[in-house]
Amino acid sequence: MSYTAAAKPIVPHPALEGLTLDQEAFVNLLRKLISESEHVQNNPGQLVPEEGRIAKHVVDELRPFSTEAGGPLKVELLEYVKNRPNVKITYPGKTDKTVGIIGSHMDVVPANPESWKRNPFELTIEGDRLYGRGTTDCLGHVAMITRLMADLAKAKPELE
């Protein structure tokens, strides 16, 4: 017996229509994050990631949209273990109910530069492909979430 899920089209919330990714800002942020990837390698017992380096870029990117700068985003750095913080970003809705939670991690698996064709600790762009440690797991995701929150803060859609 086989199971095939019925594919349903993704329909964005009407308040999010027209929201587009600023590709240049995304790539610029990803370049900064990949440049830190050597310092956020995680190999328990050998390498301890310094996620604070990534968190700093995220917070810096969102600072212009923060409540402290007159924007809608509440940006919090939560550090329970030295230099291994979490970043909590809140976009307010019309009510105090939670609309959604997006999560990610800011460390990467170790990379041996000798086994790579390109420098893993530097973003390389070839055509429509991006190369560097963390582009897909998970620094690219961190950059995407960060830019989504910045774009939400600019557009200021009203969310229930």
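From a predicted model like this one, the values you see are computed outputs, not experimental measurements.

Further remarks concern the overall build of the chain. Counting its regular elements, the chain contains three helices and four strands. Helices and strands in the chain line up, N terminus first, as α-α-β-β-β-β-α. In terms of its C-alpha atoms, the chain occupies a principal-axis envelope of roughly 50 × 50 × 35 Å. With 160 residues in all, the chain has 35% of them scored as buried.

Turning next to a nonpolar patch on the surface. On the surface, a nonpolar cluster with roughly 220 Å² of combined accessible area is contributed by Leu19, Ile102 and Leu148. For isoleucine 102, the location among the structural elements is in the loop between β2 (86-90) and β3 (124-126). What makes isoleucine 102 partly exposed here is its relative accessible area of 48%.

What counts and what doesn't
- Residues numbered from 1 in each chain as written.
- Predicted model: local features only at pLDDT ≥ 70, side-chain atom pairs only at ≥ 80, totals over all residues.
- Heavy atoms only, no water.
- Helix = DSSP H or I, 4+ residues; strand = E, 2+ residues; numbered from the N terminus.
- Buried < 20%, exposed > 50% of the residue type's maximum accessible area, 1.4 Å probe, protein only.
- Patch = residues over 30% accessible without salt bridge, like charges linked within 9 Å, V, L, I, M, F, W, Y side chains within 5 Å.
- Areas by Shrake-Rupley, 256 points an atom, 1.4 Å probe, with all protein chains shown as cover.
- Salt bridge = Lys/Arg side-chain N within 4 Å of Asp/Glu carboxyl O.

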